[in-house]
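# Understanding the architecture of this molecule
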Protein chains: 2
Amino acid sequence: MNHMNDDGPEVAGPDVMELQGAFARRDDWQVKGWCRIERALDVIGTKSAMVIVRELLYGGTKFDELARRTQLSDAVASSRLKQLLADGIVERRPYREPGQRTRYEYVLTDRGRALFPVLTALMDWGEHLEGDRRGGLEVTHRGCGAPVSAVVRCAEGHEVSVDEAAARIRDEAWAVAARERGRKASPPAVDN
Amino acid sequence: MNHMNDDGPEVAGPDVMELQGAFARRDDWQVKGWCRIERALDVIGTKSAMVIVRELLYGGTKFDELARRTQLSDAVASSRLKQLLADGIVERRPYREPGQRTRYEYVLTDRGRALFPVLTALMDWGEHLEGDRRGGLEVTHRGCGAPVSAVVRCAEGHEVSVDEAAARIRDEAWAVAARERGRKASPPAVDN
DNA sequence: ACGCTGACTTTGCGATCCCTTAGTCAGCAC
DNA sequence: GTGCTGACTAAGGGATCGCAAAGTCAGCGT
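Residues numbered from 1 in each chain as written. Chains lettered and ligands numbered in written order. Predicted model: local features only at pLDDT ≥ 70, side-chain atom pairs only at ≥ 80, totals over all residues.

## Brief notes about the protein's contact with DNA strand D
Inclusion rule: Placing the C-beta atom from the backbone, one calls a residue near a molecule or strand if that atom lies within 6 Å of it. The secondary structure listing takes helices from DSSP runs of H or I that are at least 4 residues long and strands from runs of E that are at least 2 residues long, numbered from the N terminus. Any residue outside Ala, Val, Leu, Ile, Met, Phe, Trp, Tyr, Cys, Pro, Asp, Glu, Lys and Arg is labelled polar, Gly included; the first ten of those are nonpolar and the last four are charged.
As a matter of local geometry, DNA strand D sits amid 21 residues, with Lys47(A), Ser48(A), Arg101(A), Phe63(B) and Asp64(B) nearest to it. For the surface near DNA strand D, the secondary structure elements donating two or more residues are helix H2 (47-57) and helix H4 (74-86) of chain A together with helix H3 (63-70), helix H4 (74-86) and strand S3 (103-108) of chain B. Ranked by residues supplied to the surface near DNA strand D, first place goes to H4(B) with four residues. Residues that form the surface near DNA strand D fall into these classes: six nonpolar, seven polar and eight charged.

## A short note on unusual backbone geometry
Backbone phi values are negative for most residues with the exception of glycine, while trans is the configuration of most peptide bonds. To keep things clear, this is the line we draw: Here a residue counts as buried when 20 or more other C-beta atoms fall within 10 Å of its C-beta, as exposed when 12 or fewer do, and as partly exposed in between; the C-beta atoms come from the backbone.
The backbone of Gln71(A) shows a phi angle near 60 degrees, a positive value even though the residue is not glycine. For Gln71(A), a count of 14 C-beta atoms within 10 Å puts it in the partly exposed group.

## Describing the interface of chain A and chain B
Note the cut-off: A pair of residues counts as a contact when their C-beta atoms, built from backbone coordinates, are separated by no more than 7 Å.
Opposite the 96 residues of chain A that make contact, chain B presents 95 residues. Counting residues per element, the side of chain A that touches chain B draws most heavily on helix H6 (residues 116-126) of chain A, which supplies 11 residues.

## Some points on the sheet that holds strand S6 (residues 165-169) of chain A
Backbone-to-backbone hydrogen bonds pair the strands of a sheet. The strands run either parallel or antiparallel. Heads up, the condition is: A pair of strands is considered paired only if DSSP assigns at least 2 bridges between the two.
Ordered in space as S1(A)-S6(A)-S4(B), the three strands form an open sheet in which the pairing is mixed. Each edge of the open sheet is held by one strand with a lone partner, namely strand S1 (18-19) of chain A together with strand S4 (137-141) of chain B. Bridge count for S1(A) against S6(A) is two bridges, and the pairing is parallel. Residue Glu18(A) lies in a different strand from S6(A), and its bridge partner there is Ala166(A).

## Description of the nonpolar core
Rule in force here: As used here, a nonpolar core is made of buried Ala, Val, Leu, Ile, Met, Phe, Trp, Tyr and Cys residues. They are joined through C-beta atoms within 7 Å.
Val118(A), Leu119(A), Leu122(A), Val118(B), Leu119(B) and Leu122(B) are the most contacted members of the largest nonpolar core, which totals 98 residues. With residues up to four places along the chain from it excluded, the contact list for Leu119(A) reads Val53(A), Arg54(A), Leu57(A) and Ile37(B).

## A short note on the relation of the copies chain A and chain B
The criterion, for reference: When the copies are superposed, the least-squares fit draws on C-alpha atoms of residues that have pLDDT of at least 70 in both.
Note on the copies: chain A fits chain B at an RMSD of 0.0 Å, the axial shift is 0.0 Å, and the rotation between them is 180 degrees. Considering both components of the superposition, the chain copies are consistent with a two-fold axis. Mapped onto chain B, 99% of the interface residues of chain A again fall at the interface, so both copies present the same surface.

## Let's talk about the protein's contact with DNA strand C
Close contacts around DNA strand C come from 21 residues, with Phe63(A), Ala75(A), Lys47(B), Ser73(B) and Arg101(B) the closest. Looking at the surface near DNA strand C, the elements that each hand over two or more residues are helix H3 (63-70), H4 and strand S3 (103-108) of chain A together with helix H2 (47-57) and H4 of chain B.

## A few points about the sheet that holds strand S1 (residues 18-19) of chain B
Pairing within the open sheet is mixed, and its three strands lie in the order S4(A)-S6(B)-S1(B). The open sheet has two edge strands, strand S4 (137-141) of chain A together with S1 of chain B, and neither has a second partner.

Nothing here speaks to function; it is all geometry.
Written as structure tokens, this is what we have:
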């Protein structure tokens, strides 16, 4: 648990998660489609998607606002928005300004707004990287003005560091059975 | 603040961040190098980097463990680890098992472990996507056994939703001056 | 009717990501 | 010293990402 040890080559040690139950034998569990991190990255794992969501969170709605503020080309903005639409992250709704034809504005869905912790966590992490600090943004709580950050917390309200976390398979009995079924269909893979 | 409105085409409304101060004129501020989200993504914005960090958090240390468990090819695992090393996210330290030559194991640095909220936020978000739920992982607090999630919180301890958040430029006076300096060097861009 | 503008779409290209296959290289085992 | 293994490295290729430039298309202005 020795955080903040920048004192030379002495390294951090095994401050990692505890693997519980059958997952302790990590190699027995290949992450075909069940890793939620990978699933998430398949949908928003691209830089253009992330920065578009960023601008939508900042309140941009019109196509040219989003393209300009993200510094993406029209083509990328267009195809990414189309994909975000298909994935249920943004919705399009018509609007019409007086003397203009009907256009569409883009707004985040609930699923899109649920990316707020992801973006905040990335922003926090980017803080400690090289680069300009003063020109950057500060995100605060409108109520009290205090700066915000993304933290990992358990349902009981405790803040959880990496070494205080444990990972286990959700429905272990089912997962073991599913693996057995898969093994009958195809020859055994990792078992030897 | 109408969360969870899946009732048809009625959309969510302007549940977005408030832009304060000079940042309210969003178009006046191009995100050249100061956006921490983009800086973060330049370093870990790739799927292979993310899944390697995931495995390191799960406790993997040896090269072949990491390559096998991430399902990445040796080549990708190798070059990504090299890059993570250069970026200060992992450290390599020699170890030697009896009757073996010296090898290296990979461990996260503090900066690497600081990605825990990012990965947790992604995992949370991936929850609501299509796909298998039962085979998935559950991350809990070792102390009390409760499941963990990533939340956005202010320094005063309030949980902050998107529409309760505000963004402003950190050092606004400096940023305005810096922009003026830049404008002298090159012809005005967005002003007219 | 003609041009202009805002909102895209299409096209063609280079860069990056990730894969497979094949090779290297250090030390044991024999 | 020959073979083997674990840990890489290199080479070549397909897919995806992102860009610039050009094209489309609807309506307003004249």
